[in-house]
Amino acid sequence: MNNVFGLDIGTRNVVGTVGYQTDDREFVVTAQYIMEHETRAMLDGQIHDIGRVAKTIKEVKDELEKQTGQPLEEVCIAAAGRVLKTVTTHVEYEYAQESVVTGEDVHTLNLLGIEKAQEALKEVNDTSYKFYCVGYSTVKFFLNDDVFISLEGHKANKIGEDIIVTFLPEDVVDGLYAAVGQAGLSVANMTLEPIAAINVAIPENYRMLNIALVDVGAGTSDISITRDGSIIAYGMIPHAGDEMTEVIVQHFLVDFNMAESIKLQSTTSDTVTYKDIMSIEHTIPAQDVWDVAAPVVDSIAQEVSAKIRELNGDKTVSACFVVGGGGKVHGFTEKLAEDLDLPEERVALRGEEVLGDVTFEQEDIKKDPLLVTPIGICLNYYDQRNNFIMVRFNGERIKLYDNNRLTIVDAALQAGFPNDELFPKRGTPINFTVNGVARLVRGEAGEGAVVTMNGKPASINTPLEPNSEIIIEPSTAGEAAEYKISQLDEYNHSVITFIINGRKVSCPRFVQVNGRLEPEDYSIRENDVIETRNYYTVRQIAQFMDLVIDTDQMIFVNNEEADLDTLVYENFSVEWKTDEYGVARIDNNNYNDTQESDSDDASVLAEQDANSTEPDNTVTRTSEQMMNQVLDELHDEFAKEAEASAVPENELPENELPKNDIQEEIHEEDSSENTVTVIVNGEPVELSGKDTYIFVDIFTHISFDLQAGKGRAIATVINGRDAQFSEELHEGDKIELYWKEN
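Parameters and conventions
Residues numbered from 1 in each chain as written. Predicted model: local features only at pLDDT ≥ 70, side-chain atom pairs only at ≥ 80, totals over all residues. Heavy atoms only, no water. Helix = DSSP H or I, 4+ residues; strand = E, 2+ residues; numbered from the N terminus. Buried < 20%, exposed > 50% of the residue type's maximum accessible area, 1.4 Å probe, protein only. Contact = heavy atoms within 4.5 Å. Areas by Shrake-Rupley, 256 points an atom, 1.4 Å probe, with all protein chains shown as cover. Core = buried A, V, L, I, M, F, W, Y, C linked by side-chain atoms within 4.5 Å. Pairing = 2+ DSSP bridges. Axes fitted to C-alpha atoms, helices over the stretch in contact; angles between N-to-C directions. Expected span 1.5 Å × (residues − 1). Phe/Tyr/Trp six-rings, centres within 6.5 Å; stacked < 30°, edge-to-face > 60°. Parallel < 35°, antiparallel > 145°, perpendicular 65-115°, else oblique. Left-handed = near helix turned anticlockwise from the far one by under 90°. Nonpolar A, V, L, I, M, F, W, Y, C, P; charged D, E, K, R; others polar. Salt bridge = Lys/Arg side-chain N within 4 Å of Asp/Glu carboxyl O.

Peer 1: I tried to follow the overall build of the protein chain on my own but got confused; where do I start?
Peer 2: Looking only at helices and strands, the protein chain has 15 helices and 44 strands in total. Per-residue burial for the protein chain yields a buried fraction of 48% across its 742 residues. The contacts of the protein chain with a sequence gap of at least 6 include a subset with a gap of at least 24, amounting to 63%. If you sum the accessible surface of the protein chain, you get close to 36,600 Å²; carbon and sulfur atoms cover 46% of it.

Spelled out as structure tokens, the structure:
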């Protein structure tokens, strides 16, 4: 059975305890020994004479080895709260989108809390001490601003926590390690005296209550506060039993050790016997000692109660437990109850009753408040093994409090390595608005920090090894965000529809940036104000449709007279006369005609043609160009049929050039002699040069003046019914073509 050796190195005494924990969590003390320092080698919990303290530790170790019959090589220790610094802070982490919280996320949250606490401590640290984080505990978790016991596994947009972080100065840790080392021991675990005491005095099932624990030692009075199931605060005042002893020294004219004896006798008997420095023996009532110590007792009780209120949000607690030898002085608990505004029964010494799960094999040992902290130091070994380890970080040697969960990122934080240089940094984002709605485009992610430990690749979550060499090359930032207007959904998927001469025309919305129209390749900049315009001008519609308007004729918008600069909004109607047509293909200018029937297409074209009065020196629209437009507008409807009848380019005769895409449905005559004869307006027309023919093929075989409409629509009839331009022609079909009368 493996024994644990714990040392409570106090200002007046060194208490050594050896024992083990059973499977049912009972702690069995196999040996215990208490020895006072020969001189005042420690003051207020701080080692001043390392050699003398080491000598006392060595004597305690030797005595315990005799009692147990086995060598003791490792020891568990605790640091006093006199130089303990605690910072309580709140941190939050917000996800880009709702995510499942992982253990790594919680660890990251803790690291953010530690970093924030370190920064807060630096701002208020008015000492020359270099403080190290020696532990932290979560007070509360928050999931989307609601209090939760645990975060892992939940979905969240935002997580947070209240965290309490504890710090110790380097020289305190070094002094303890040095004294233990000179005594021939190595440190197996290190904790804090307030933590060790509270783990014994206030079990977890009591921590839902708002309770204070005061450990009154010789040099310091350490304070812990519990509430809502957690330890919410640690504190300390640098006044305790030694100040009571010093008053006795002055009043009764004795040395310090005799004063200690007087103080102890006054807590256990009605009379006290002592010798003063003149070697005169005195016997006095214990009441005399109480009266001498009362002013100091009252002063310490007032300071403790004030500290408790400060740590507890400026209010008293529900109850207070007192441990430690200094707390046994007559009148202390009564005065503390008075200052805390509590009934006397709610402020009590904790000793035998909290050591119920502790068994002493030595029959002469009495369960006492003095033993709470030494037992807690041993028990902490099982609950959380802690120690300090040394590593070299980017060439600097640093010391870390080892809680068995240390990773490289802990070393980075301890060394003050910037947190933002550990993780990949995104390039500069772009913030802008689209139609009043805020948008954010993030920059590209950079490269993470390059981490090595002992020359081998590692990550920031790699567990630390003692005396390891760690090198971190800072992370890099990615490329700055870049976003063009053409990438906006509002530009690509938003159209505006007008009614032009009775037909629907859909156009993409114009985009203006900071009040100016910008092209689709415009690169959006920080704080740009982008708006999609909900109107065109008459001129812009004509330009989009590749038309030239006859400005000598009236223009109407919603039946009201207009001009080229009149604004045209969604579903407005426009009526105009065209002066000339451009020759650009419709599919090249993104013109989107939403006419529903082929005959309507023909009638509109005829109407447009009738309105065309261009002079001879303009680029006129020929019948062939009009026919090409008709074919293009119908392309989606009969593309498959046309493709089936098209001659592949690689099969063309060597002396024949390939046709362009405008002409792909109108083939030149080839060597085929297949002919079809149809009757057009009572006259036979022979179609040749193709295997099959569709209705529009007749326009290449007859003379029909498409410019003679004068505002009338063209009628297309086959065998007595309305024709479809893409339907196949057969031998003997009767076709009628004529202008409809208005």
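So much for the structure itself; the text now carries on.
Peer 1: I'm lost on the nonpolar core in this one. Help?
Peer 2: One recurring pattern in soluble globular proteins: nonpolar side chains tend to sit buried together. Grouped together as the largest cluster of nonpolar side chains are 90 residues, with contacts concentrated most on Leu7, Ile9, Ile57, Ile308 and Leu336. Looking at this core element by element, the count peaks at 8 residues for helix H7 (residues 286–311). If we skip the residues at most four places from it in the chain, isoleucine 9 touches Val14, Met42, Val53, Ile57, Ile77, Leu176, Val180 and Glu193. Membership of the second largest hydrophobic core comes to 21 residues, among which are Ile389, Val409, Leu413 and Met453.

Peer 1: Help me out: how do you make sense of the sheet that holds strand E17 (residues 319–323) in this one?
Peer 2: Consider a sheet: its strands pair through backbone hydrogen bonds, and that pairing is either parallel or antiparallel. The strand order across the open sheet formed by 5 strands is E14-E13-E12-E17-E18, and the pairing between neighbours is mixed. Two strands in the sheet have a free side with no partner beyond their single neighbour: strand E14 (230–237) and strand E18 (347–349). Across the sheet, the axes of successive neighbouring strands diverge by a mean angle of 20°, strand direction being ignored. Relative to strand E13 (residues 221–227), strand E12 (residues 211–216) is paired through 6 bridges, and the arrangement is antiparallel. Bridge assignment links valine 214 to a residue of E13, and that residue is isoleucine 223. Across the sheet, helix H4 (residues 193–201) lies against E12, E13, E14 and E17, angled at about 55° from E13, the strand it touches most. Strands in contact with H7 are E12, E13, E14 and E17; relative to E14, the strand with the most contacts, it is inclined by about 145°.

Peer 1: Just checking my understanding: could you explain the pairing of strand E41 (residues 683–688) for this structure?
Peer 2: Consecutive side chains of a regular strand alternate in pointing toward one face of the sheet and then the other. In the sheet, strand E40 (residues 675–680) pairs with E41 via 6 bridges, with the strands oriented antiparallel. Across the sheet, the residue bridging to valine 678 is valine 685, located in E41. Between E40 and the antiparallel strand that follows it, E41, lie 2 residues; asparagine 681 among them carries a positive phi value of about 50°.

Peer 1: Just checking my understanding: could you explain the sheet that holds strand E30 (residues 516–517) for this structure?
Peer 2: One open sheet accounts for 5 strands, arranged E23-E22-E31-E29-E30; its pairing is mixed. The open sheet has two edge strands, strand E23 (437–441) and E30, and neither has a second partner. Bridging between strand E22 (residues 430–434) and E23 involves 5 bridges; their strand directions are antiparallel. The residue bridging phenylalanine 432 from the neighbouring strand is arginine 439, located in E23.

Peer 1: Please clarify how helix H2 (residues 103–124) should be interpreted in this entry.
Peer 2: Structurally, the α-helix is built with 3.6 residues per turn, so residues lying three or four positions apart point the same way. For H2, built from 22 residues, the straight-helix expectation of 32 Å at 1.5 Å per residue is met to within 8% by its first-to-last C-alpha distance of 32 Å. Every buried residue belonging to H2 is among Asp105, Val106, His107, Leu109, Asn110, Leu111, Gly113, Ile114, Glu115, Ala117, Gln118 and Leu121, and all of these are buried.

Peer 1: So what exactly am I meant to see when it comes to the packing of aromatic side chains here?
Peer 2: Here a ring pair, both rings aromatic, is described through the centre-centre distance and the interplanar angle of the planes. In the structure shown here, the tally under the stated rule is 8 aromatic pairs. For the pair tyrosine 535 and tyrosine 569, a centre-to-centre distance of 5.5 Å together with 55° between the ring planes defines the contact as tilted. Taken as a pair, tyrosine 535 in strand E32 (residues 535–537) and tyrosine 569 in strand E36 (residues 567–569) lie far apart in primary sequence, 34 residues in all. Three or more aromatic residues joined by ring pairs make a cluster, and in this case those are Phe498, Phe510 and Tyr536.

Peer 1: Got a minute to help me understand the environment of glutamine 97 in this structure?
Peer 2: Following the sequence through the fold, glutamine 97 ends up in strand E7 (residues 85–100). Between the C-alpha atom of glutamine 97 and that of lysine 158, which follows or precedes it by 61 residues, the distance is 9.1 Å. In this structure, glutamine 97 is in contact with Ala156 and Asn157, ignoring residues within four places of it in sequence.

Peer 1: What's the story with the packing of helix H5 (residues 241–252) against H7 in this structure? I'm lost.
Peer 2: Axes are the key here: two packed helices are described by the angle between their axes and the distance separating the axes. It is the contact of H5 with H7, at a shortest axis distance of 9 Å, that shows an interaxial angle of 140°. Taken together, H5 and H7 sit at an angle that is classed as oblique. In terms of crossing hand, the pair formed by H5 and H7 is right-handed. Across the interface between the two elements, Glu243, Met244, Val247, Ile248, His251 and Phe252 from H5 touch Asp288, Val289, Val292, Val296, Val297 and Ile300 from H7. Looking at the contact of H5 with H7 residue by residue, the classes come out as 9 nonpolar, 1 polar and 2 charged.

Peer 1: Which parts of the structure should I look at to understand the pattern of salt bridges?
Peer 2: A side chain of one charge can pair with a side chain of the opposite charge when the charged atoms of the two come close. All told, the structure shown has 16 salt bridges when counted by the stated rule. The closest approach of N and O atoms between lysine 122 and glutamate 119, which form a salt bridge, is 3.9 Å. With lysine 122 and glutamate 119 both in helix H2, this residue pair falls 3 residues apart, about one helical turn. Judged by relative accessible area, which is 56%, lysine 122 ranks as exposed. One network of salt bridges, in which partners are shared, links Glu92, Asp145 and Lys158.

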